[in-house]
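This is what each chain is made of:
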Amino acid sequence: MSAIYENAVDSLRIGMKFFLEERSYSNHKHAILTLFHAIELFLKERLAQANPLLIYKNIDVKIADDSQTVGVREALARLENLGLGVPADEKKIIEDIQRIRNRIEHHRYDHSEKEDNATIAASLKFIMYFVEFALERKLDGHIEASILREINNRVFEYNERSALAEHRLHEWLHSRWPDWNAEQEDTPKEFEGTLPCPECRQDWLVIGWHEKPFCFHCNTTVDASVCEECCATFVIDNGCGCGKYPGKDDGRIQALLDQMRGQAIREREARDKRE
Ligand SMILES: [Zn+2]
Ligand SMILES: [Zn+2]
């Protein structure tokens, strides 16, 4: 077992331990970050199999032990250039997880059971795919059987839920556009496709055809909207990330700041009067 692979498997195990131990803010957050780290290392392991130098960012200078290595984005590009690219569906999974991971790392983590479960299941699905088909390895024996069983269950449920969402969407498309021929077109001409649902982070949200936006994965209506500035879908109460649509909380914080500012001005005036 190479040092990178061993490191990756360890992150996978620790990430799962965080996830299975407790459904808390901190455990879920660290599970997502650690599983992302595992993905990064598994990708590097594939690069290293091709050539150990390929994990380094700059290979035109002398490589030392502490030389900077590539991130997920670069690793994916290098694999593609080597003719070892991952399929589009799997690549999209990583890009979605990377967005969530970046948000946690640089901005904020919104603890949501639904979203966390989906992110973790998607990460595990990618890892299982990549280890078996790209690295041509099996995790049995490298990871405890009880944890491996949990991983397999999550991936299985994730696939089942996606299949169910797809089935629901197709049923609806057929009832809405009875003339649509699924064999000739992927979706009816008039239908512009699904959007990422801000609740479950899966791409099964439909806006504009029901009374309220509907997610075929959540199987419920979602109080969502699309921001024309950053193009993200967001839950109306939470607002969107770019700040064009402040959520409810932001309003409260603003009111509190205004109140504090007013108080500071009054205090200053009182002090000026005394002097
Ligand atoms: Zn949803
Ligand atoms: Zn926005």
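Located above this text is the structure these notes cover.
Criteria and cut-off values
- Counting of residues starts from 1 at the beginning of each chain's written sequence and follows it residue by residue.
- As they are written, the chains are lettered A onward and the ligands numbered 1 onward, keeping that order.
- For this predicted model, a pLDDT threshold of at least 70 governs which residues receive local features, and a threshold of 80 or more governs which side-chain atom pairs are given and counted, while totals over whole chains, interfaces and linings are taken from all residues.
- Strands are labelled as partners when DSSP assigns at least two bridges between them.
- Helix and strand assignments follow DSSP, with helices taken as H or I runs no shorter than four residues and strands as E runs no shorter than two, numbered in order from the N terminus.
- The term nonpolar core refers to a set of buried Ala, Val, Leu, Ile, Met, Phe, Trp, Tyr and Cys residues connected through C-beta atoms within 7 Å.
- Here exposure depends only on C-beta density: within 10 Å of a residue's C-beta, 20 or more other C-beta atoms make it buried, 12 or fewer make it exposed, and intermediate numbers make it partly exposed, the C-beta atoms being placed from the backbone.
- A pair of residues counts as a contact when their C-beta atoms, built from backbone coordinates, are within 7 Å of each other.
- Angles shown run from 0 to 180 degrees and are taken between the N-to-C directions of axes, each axis being a line fitted to C-alpha atoms and, for helices, limited to the stretch in contact.
- Angles are sorted into four bins: roughly parallel if under 35 degrees, roughly antiparallel if over 145, roughly perpendicular if 65 to 115, and oblique for all others.
- In this count, Pro and Cys sit with the nonpolar residues alongside Ala, Val, Leu, Ile, Met, Phe, Trp and Tyr, while Asp, Glu, Lys and Arg are called charged and the others, Gly among them, polar.
- By definition here, a helix of n residues has an expected span of 1.5 Å times n minus one.
- Directions drawn from the helix axis to the C-beta atoms are what define this arc.
- Crossing chirality is assigned from the near helix's rotation relative to the far helix, an anticlockwise turn below a right angle marking it left-handed and a clockwise turn marking it right-handed.

*Asks:* If you had to explain the sheet that holds strand β2 (residues 214-215) to someone new, which residues and values would you point to?
*Replies:* Strand pairing in a sheet relies on backbone hydrogen bonds. The paired strands run either parallel or antiparallel. On the basis of which strands lie adjacent, the open sheet formed by three strands has the order β1-β2-β3 and antiparallel pairing. Two strands bound the open sheet, and with one partner strand each, they are β1 (205-206) and β3 (220-221). Where β1 lies against β2, two bridges are found, and the strand directions are antiparallel. Directly across from Val206, in β2, lies its bridge partner Phe214.

*Asks:* Summarise the nonpolar core; cite the residues concerned and give the values.
*Replies:* Ala8, Leu35, Ala38, Ile39, Phe42, Ile127 and Cys215 are the most contacted members of the largest nonpolar core, which totals 50 residues. Taken together, the elements giving at least two residues each to this core come down to α1 (3-21), α2 (25-50), α3 (72-81), α4 (88-106), α5 (113-134), α6 (145-176), β1 and β2. When residues in this core are grouped by element, the largest group, ten residues, is from α2. If sequence neighbours within four positions are ignored, Ile127 has contacts with Leu12, Ala38, Ile39 and Phe42.

*Asks:* An account of the packing of α1 against α6 is requested, with residue identities and associated values reported.
*Replies:* The interhelical angle for the contact between α1 and α6, taken along N-to-C directions, is 75 degrees, at an axis separation of 11 Å. Viewed along their axes, α1 and α6 adopt a mutual orientation that is roughly perpendicular. Between α1, through Arg13, Met16 and Leu20, and α6, the contact on the second element is made entirely by Ile147, Glu150 and Ile151. Residues of the contact of α1 with α6, tallied by class, amount to four nonpolar, no polar and two charged.

*Asks:* Got a sec to walk through α4? Specific residues and values, please.
*Replies:* Taking 1.5 Å of rise per residue, the 19 residues of α4 would be expected to cover 27 Å, and the 26 Å separating its terminal C-alpha atoms lies within 8% of that figure. Along α4, the positions that sit buried rather than exposed are Ile93, Ile94, Ile97, Ile100 and Arg101. The arc that holds every buried residue of α4, seen down its axis, measures 130 degrees, which confines them to one face. Exposed side chains of α4 directed beyond 90 degrees from the buried face belong to Ala88, Glu95, Asn102 and His106. Buried residues belonging to α4 abut α2, α3 and α5.

*Asks:* Describe α5, and please don't skip the residues or the numbers.
*Replies:* Given a rise of 1.5 Å per residue, 22 residues ought to cover 32 Å, and the 31 Å separating the end C-alpha atoms of α5 matches this to within 8%. A positive backbone phi angle near 55 degrees is found at Glu136, which sits one or two residues after α5.

*Asks:* Can you lay out the packing of α4 against α5 for me, pointing to particular residues and giving the numbers?
*Replies:* At a closest axis distance of 10 Å, the pairing of α4 and α5 adopts a crossing angle of 140 degrees. Classified by the interaxial angle, the pair formed by α4 and α5 is oblique. The chirality of how α4 crosses α5 is left-handed. Between α4 and α5, the contacting residues are Glu90, Ile93, Ile94, Asp96, Ile97 and Ile100 on the first element and Thr119, Ala122, Ser123, Lys125, Phe126 and Tyr129 on the second. Counted by class, the contact of α4 with α5 contains seven nonpolar, two polar and three charged residues.

*Asks:* Residues and numbers for the environment of Val226, please.
*Replies:* Within the secondary structure layout, Val226 lies in strand β4 (residues 224-226). By the C-beta count within 10 Å, which is 19 here, Val226 ends up partly exposed. Residues Val226 and Ala255, spaced 29 residues apart in sequence, show a C-alpha to C-alpha distance of 25 Å. With residues up to four places along the chain from it excluded, the contact list for Val226 reads Leu195, Ile207, Cys231 and Thr233.

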